[in-house]
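What follows is each chain in one-letter form.
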Amino acid sequence: MFAKRLREGVREGRITCSIRIWTRPHVKVGGAYPMEHGHIIVDAIRPIALGDVTGALARRSGFEGMVDLLKTAKHGSGSNVYLVDFHYVPPEHA
């Protein structure tokens, strides 16, 4: 799920990736995941190092910078960092 403040950017296609810190991936490539008013389709997921997360990547993910991203990206006790690329499909195309 995306924070409410990010959903408009996802629907508009401005946000097409997400950084997640999990114990293991929670999504699959090709998977369709409901989001209000449509679905997210996962195009790719790959493990990356925390050091690979730059301010530019954080902004591409819809955040102001790394600190803002890291407050949201960590889910539970996981320590594996994943870059998830996706696209939004509106309801009339789902």
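What you are looking at is a predicted structure, and each value in this text was computed from that prediction instead of being measured.

Caption draft 1: Inspection of the pairing of strand β4 (residues 80–89) at higher detail. Burial runs high along β4: eight of the ten residues are buried. In this sheet, β4 lies alongside strand β1 (residues 17–22) in antiparallel orientation, the contact comprising six bridges. When the bridges of β4 are listed, Cys17 appears paired with Asp85. Pairing of strand β3 (residues 38–48) with β4 involves nine bridges; the strand directions are antiparallel. Considered in β4, the bridge of Val42 is made with Phe86.

Caption draft 2: Examining the environment of Arg20 more closely. On the secondary structure map, Arg20 appears in strand β1. Here the alpha-carbon distance between Arg20 and His39, two residues 19 residues apart in the chain, equals 18 Å. Polar contacts involving the side chain of Arg20 include one to the side chain of Ser18, which spans 3.1 Å.

Caption draft 3: Focus on the layout of surface pockets. As a volume, the largest pocket reaches approximately 300 Å³. If you trace the largest pocket, you find 15 residues lining it, with Met1, Phe2, Arg20, Val27 and Tyr33 closest to the centre. The set of elements that each furnish at least two residues to the lining of the largest pocket consists of β1, β2 (32–35), β3 and β4. Residue composition of the lining of the largest pocket, grouped by class: eleven nonpolar, three polar and one charged.

Caption draft 4: Molecular detail of the pairing of β1. The buried count for β1 comes to six of six residues, which makes it a mostly enclosed element. Of the two faces of β1, the one carrying Cys17, Ile19 and Ile21 and the one carrying Ser18, Arg20 and Trp22 are both buried.

Caption draft 5: Region of interest: the side chain of Arg7. Mapping Arg7 onto the fold places it in helix α1 (residues 4–11). Its relative accessible area of 11% is what places Arg7 among the buried residues. Sequence-distant contacts of Arg7, that is, excluding residues within four places in its chain, are made with Met1, Phe2, Met35 and Glu36.

Caption draft 6: Looking closely at helix α3 (residues 66–73). For α3, the full list of buried residues reads Asp68, Leu69 and Ala73. Down the axis of α3, the buried set is contained in an arc of 120°. They therefore lie on one face. Turned more than 90 degrees from where α3 packs its buried face, Val67 and Lys71 sit exposed.

About the cut-offs
Residues numbered from 1 in each chain as written. Predicted model: local features only at pLDDT ≥ 70, side-chain atom pairs only at ≥ 80, totals over all residues. Heavy atoms only, no water. Buried < 20%, exposed > 50% of the residue type's maximum accessible area, 1.4 Å probe, protein only. Helix = DSSP H or I, 4+ residues; strand = E, 2+ residues; numbered from the N terminus. Pairing = 2+ DSSP bridges. Polar contact = N/O pair within 3.5 Å; in protein donor to acceptor, adjacent residues only side chain to side chain. 1 Å grid on protein atoms, 1.4 Å probe; cavity = no way out; pocket = protein on both sides within 12 Å on 5 of 7 lines; lining within 4 Å. Points joined across faces, edges and corners; volume = space filled by probe spheres on them. Nonpolar A, V, L, I, M, F, W, Y, C, P; charged D, E, K, R; others polar. Contact = heavy atoms within 4.5 Å. Arc of directions from axis to C-beta.

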